[in-house]
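What the coordinates show
Single-letter residue listing:
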Amino acid sequence: MLLIKDTLVSLDLVERYFHCNLDACLGQCCIDGDAGAPLLPEEKEEIDRHLPEILPLLNPKAREVVEQEGSSYIDEEGDLVTQIVEGRDCVFTTYAEGGKCLCALEKAYREGKLPQLKPSSCHLYPVRLKEVGDCTAVNLHRWKICKSAEIFGRAKGIRAYKFLKEPLVRKFGEEWYAELERTAEEWLAQKK
């Protein structure tokens, strides 16, 4: 683990290669699992504030779920999560050609239609955060559906922390990321 400000960063984030490969996995992380994506209360508030703009972007079944049940719920573990459709898809999942899953919130942000509303848990994925005392553990979650991303990242020579720069900066700030980058480069140089 590397200590970066008040976080404990897993060496996997620095040492492992990663680059999403949607052509291979088709965005499976948006539809696999037993609950919706974890949400922070402030993320729920922002999503709900923008629902009039979001609803037209959703698939009809997802729109119906949000209109009837809201954008989120408390799951069995007591966590606030996004609603899911038919026990599977996050309500913000849309489908592109070839069955590729895309996030409606991310797509609207990239097109300049909405501010960044994608839940940080999704934006950061495959990073998972866990509170450990006064620190936040920043871990790289490894899942078989992301094997293609590991292979693709290795082929491109892109480490996970570099691929995830945008969401890491969004979560922890530029100064934190700059320190992570310096520390990671020093760590990797030592290992050669």
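Residues numbered from 1 in each chain as written. Predicted model: local features only at pLDDT ≥ 70, side-chain atom pairs only at ≥ 80, totals over all residues. Heavy atoms only, no water.

Here's the deal with the pattern of salt bridges
Applying the stated criterion to the full structure yields 16 salt bridges. Asp48 is the salt-bridge partner of Lys44, the closest N and O atoms lying 2.4 Å from each other. Of this pair, Lys44 and Asp48 both sit in helix H3 (residues 41–49), four residues apart, roughly one helical turn. Of the residues examined, Lys44 reaches a relative accessible area of 27% and is grouped as partly exposed. Glu185 is the salt-bridge partner of Lys162, the closest N and O atoms lying 3.9 Å from each other. (Salt bridge = Lys/Arg side-chain N within 4 Å of Asp/Glu carboxyl O. Helix = DSSP H or I, 4+ residues; strand = E, 2+ residues; numbered from the N terminus. Buried < 20%, exposed > 50% of the residue type's maximum accessible area, 1.4 Å probe, protein only.)

Thoughts on the pairing of strand S9 (residues 127–132)
With six bridges connecting them, S9 and strand S10 (residues 135–140) associate as antiparallel partners. In the strand pairing of S10, Val132 is matched with Cys135. Linking S9 to S10, which pair antiparallel, is a turn of two residues; within it Gly133 sits at a positive phi near 60°. (Pairing = 2+ DSSP bridges.)

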